[in-house]
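As a plain string of letters, each chain reads:
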Amino acid sequence: METPMTSPSQPAVVVTGLNKIFNHGQPNQVDALVDIDLEVQPGEFISLIGPSGCGKSTLLRLVADLLEPTSGAVTINGKSAHQARVDQDYGMAFQQSGLFEWRSVERNIELPLELKGWDKAKRRERAKEMLELVKLPEFAQHMPWQLSGGMQQRVAIARALASHPKLLLMDEPFGALDEMTREHMQAELLRICAAAGTTVIFVTHSIPEAVYLADRVVVMSPRPGRITEIVNVGLGRGRTELTREAGEFFARVTEVREALRGIEMADAARGIEDR
Amino acid sequence: MSDPVVAKRSGRGRRIAMFVLAFVLVALAWEGYKAVGPKAGGEIFGMRILASTNDRAMPHIWDMLARYSDPEIRGGTETIFVVVLRAAWYSFRCSLAAFAIGSLLGIGLAVLMARFRTFERAVMPYLVISQTVPIIVLAPLIFSLMAYQSRDLAGETWLAAVLLGIFLAFFPVAMGTLRGLRDTPAAPLELMDSYAAGWWKTLWKLRFPNAVPYLAPALRLAGAAAVVGVTVSEISLGVRFGVGRLILSYGQEATSDPPKLYTAVFGAAALGLVMAAVVLGIDRLLMRNRPPEAL
Ligand SMILES: Nc1ncnc2c1ncn2[C@@H]1O[C@H](COP(=O)(O)OP(=O)(O)OP(=O)(O)O)[C@@H](O)[C@H]1O
Ligand SMILES: [Mg+2]
């Protein structure tokens, strides 16, 4: 495996002994995550994959400090997750683009910067830069509903990257896109993140997507949610469309698929798209 | 059909045409019934529900319209048209004030209710009950309270009318806004959370814009409610300059001069129409740049 640009400094994300139990002590108690340990290096791309309900979104929310862990800790660049959220150290993107329909594309991208108190000129400039990055420069003044789903998703990614966060958290961001757009977006995402040296944790249901994007694929199993295997992809940087046809790529896809099969749950296959 | 701008324009033309047509139809129905209906009124199944069609009960429409150019009082210089117009303008300003203040009050209450659950629990039942009190009762009550407070205020009957307009207008706005603030989807809320945005920032950037599509229809109700509140309390208090007062006094002359009453009634109707136009303008302004299906 070609190691990503690891600096001698601390890891980007450290998750130690993380547990999350919903509705503790009640009949509807759910052990969403049990004893999760994970260390992500700066600039590394991590894919999270696993059957529906295995706690991928929950793990992402815990890293984002949108949920309180039952026990354990999350550290982002040496800070507590809470401090990282307050400092807007990470950007987030979800399956639904979640754009504000009353704001133009440009002003959607400016939202995080507004909340950081940037002045208008600086925001405009950054929004312009981000729109170039996601290849939508002529759509600054459009309203979100005037764009296609894929374009909206690109705007959402531009918004997530607007404040140049070191860490990007993505929960099935391409789930609603068609296959062609999806592959295109994957390549774009790799390009953007490589350019900015962004660390990414990326939740997906698609095995090829997970492998194509990631340095490491983290495979999870449900009830209780835990990490069962971590697959080193080792396809190197500078992946192209040819990567998708490489023998090594298929070898990794098979490895991840077998790791998922290994999850001996009756409903293990539910929610996994093998495409 | 493919060009939305053209579609919009022809839609507007049709709407104006329909509006005029509706007037013509009402006028035709009026004159038609007057031509064929029983002169002294009639009964159906023993109930007197057919209006009598004599000129005293149902004046001709042209007689009503003709009255506008007559002097208001015998030998006076001002025409009825001028008097009605001035009264309607006066009531319109009262209604507009009631609408504006009532809407702001409603929005303020909704924000407080959305922010503080205890506030909602304490206040909501009273708000609901308040709307069940008949305003005919309320108008004199407010007025006597004002008179009790100060002799000077007792002269300002218009203030009581505006207060009543506010009283009716704030409620739909408060309910609509509250719903909009509450119905904010979880995902964008989570996004604001991820920016560590506080409640008031989230209100301003997310919840409030999200409530706008709920606010627009509420404002329409509030506009109508403000007009009703103002004119009805003008009638029940006899506010000196309003169109409600005009209806009251022309109504008293109706036995000798039936068409005159209708000149004031049309004035009140025009007032309502202008208010509706104002609210529609606000609606358009608020909903510009929104997805078309939300309109
Ligand atoms: N707020 C909550 N309250 C109670 N239980 C929850 C809550 N959020 C998630 N859960 C439970 O935690 C478990 C993990 O949920 P999570 O959403 O993290 O799964 P996931 O891996 O993202 O699934 P999917 O692939 O379908 O998105 C599920 O069993 C779910 O029912
Ligand atoms: Mg999920």
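You'll find the structure just up there.
Residues numbered from 1 in each chain as written. Chains lettered and ligands numbered in written order. Predicted model: local features only at pLDDT ≥ 70, side-chain atom pairs only at ≥ 80, totals over all residues. Heavy atoms only, no water.

Participant: Explain the overall build of chain B residue by residue, including any values.
Facilitator: Tallying secondary structure elements over chain B gives 11 helices and two strands in all. Counting from the amino terminus, chain B carries its helices and strands in the arrangement α-β-β-α-α-α-α-α-α-α-α-α-α. Each of the three principal axes of chain B carries a C-alpha extent, and together these read 75 × 65 × 50 Å. The burial tally for chain B puts 42% of its 295 residues in the buried class. Element-wise, carbon and sulfur atoms account for 69% of the exposed surface of chain B, whose accessible area totals about 16500 Å². Averaged over its 29 positive side-chain charges, chain B has a centre that lies 6 Å from the centre of its 19 negative ones. (Helix = DSSP H or I, 4+ residues; strand = E, 2+ residues; numbered from the N terminus. Buried < 20%, exposed > 50% of the residue type's maximum accessible area, 1.4 Å probe, protein only. Areas by Shrake-Rupley, 256 points an atom, 1.4 Å probe, with all protein chains shown as cover. Lys, Arg positive; Asp, Glu negative; His and termini not counted. Charge placed at Lys NZ, Arg CZ, Asp CG, Glu CD.)

Participant: Describe the overall build of chain A, with residues and values.
Facilitator: Within chain A, the secondary structure is distributed over eight helices and 10 strands. Projected onto its principal axes, the C-alpha positions of chain A cover 55 × 45 × 40 Å. In chain A, which comprises 275 residues, the share counted as buried stands at 54%. On chain A, roughly 11500 Å² of surface is accessible, and the fraction owed to carbon and sulfur atoms is 51%. Chain A carries 31 positive and 37 negative side-chain charges, and their two centres are separated by 5 Å.

Participant: Could you give me a rundown of the site of ligand 1, with the residues and numbers involved?
Facilitator: Residues and elements named next belong to chain A. In the region of ligand 1, 13 residues are neighbours, and S52, K56, S57, T58 and H205 sit closest. At 2.9 Å from an oxygen atom of ligand 1 is found a main-chain nitrogen or oxygen belonging to G53. T58 has a polar side-chain atom sitting 2.5 Å from an oxygen atom of ligand 1. Bound to the protein, ligand 1 loses 62% of the 630 Å² it would expose on its own. For the shell around ligand 1, the element with the highest residue contribution is helix α1 (residues 56-63), accounting for three residues. Looking at the shell around ligand 1 residue by residue, the class counts come to four nonpolar, seven polar and two charged. (Near = heavy atom within 4 Å. Polar contact = N/O pair within 3.5 Å; in protein donor to acceptor, adjacent residues only side chain to side chain. Nonpolar A, V, L, I, M, F, W, Y, C, P; charged D, E, K, R; others polar.)

Participant: Residues and numbers for the sheet that holds strand β4 (residues 71-76) of chain A, please.
Facilitator: All names here are of chain A. The sheet built from four strands is open, its strands ordered β2-β1-β4-β5 with antiparallel pairing. For this open sheet the edge positions go to β2 (30-40) and β5 (79-80), each flanked by a neighbour on one side alone. Its contacts with the sheet put α1 on β1 (13-22), β2 and β4, and the angle it makes with β1 is roughly 120 degrees. (Pairing = 2+ DSSP bridges. Contact = heavy atoms within 4.5 Å. Axes fitted to C-alpha atoms, helices over the stretch in contact; angles between N-to-C directions.)

Participant: If you had to explain the pattern of salt bridges to someone new, which residues and values would you point to?
Facilitator: Scanning the model with the defined rule gives 28 salt bridges over all chains in all. Across the pair R103 of chain A and E114 of chain A runs a salt bridge whose closest N-O atoms are separated by 2.9 Å. You can see R103 of chain A sitting in the loop between β6 (90-93) and α3 (105-115) and its partner E114 of chain A sitting in helix α3, a full 11 residues away along the chain. Given the relative accessible area of 4%, R103 of chain A is considered buried. Using a relative accessible area of 12% as the deciding quantity, one classes E114 of chain A as buried. Across the pair D283 of chain B and R220 of chain B runs a salt bridge whose closest N-O atoms are separated by 2.6 Å. Taken together, the positions of D283 of chain B in helix α11 (residues 258-287) and R220 of chain B in helix α9 (residues 199-237) put the pair 63 residues apart, joining distant regions of the chain. Shared partners join several salt bridges into a network, and the residues in it are E106, E110, R123 and R124 of chain A. (Salt bridge = Lys/Arg side-chain N within 4 Å of Asp/Glu carboxyl O.)

Participant: How would you explain the side chain of S163 of chain A if you had to name every residue and give the values?
Facilitator: Looking at the element boundaries, S163 of chain A is found in the loop between α5 (149-161) and β7 (167-171). Setting aside residues up to four positions removed in sequence, S163 of chain A forms contacts with Q88, L113, K116 and R126 of chain A.

Taken by themselves, the reported measurements are silent on function.
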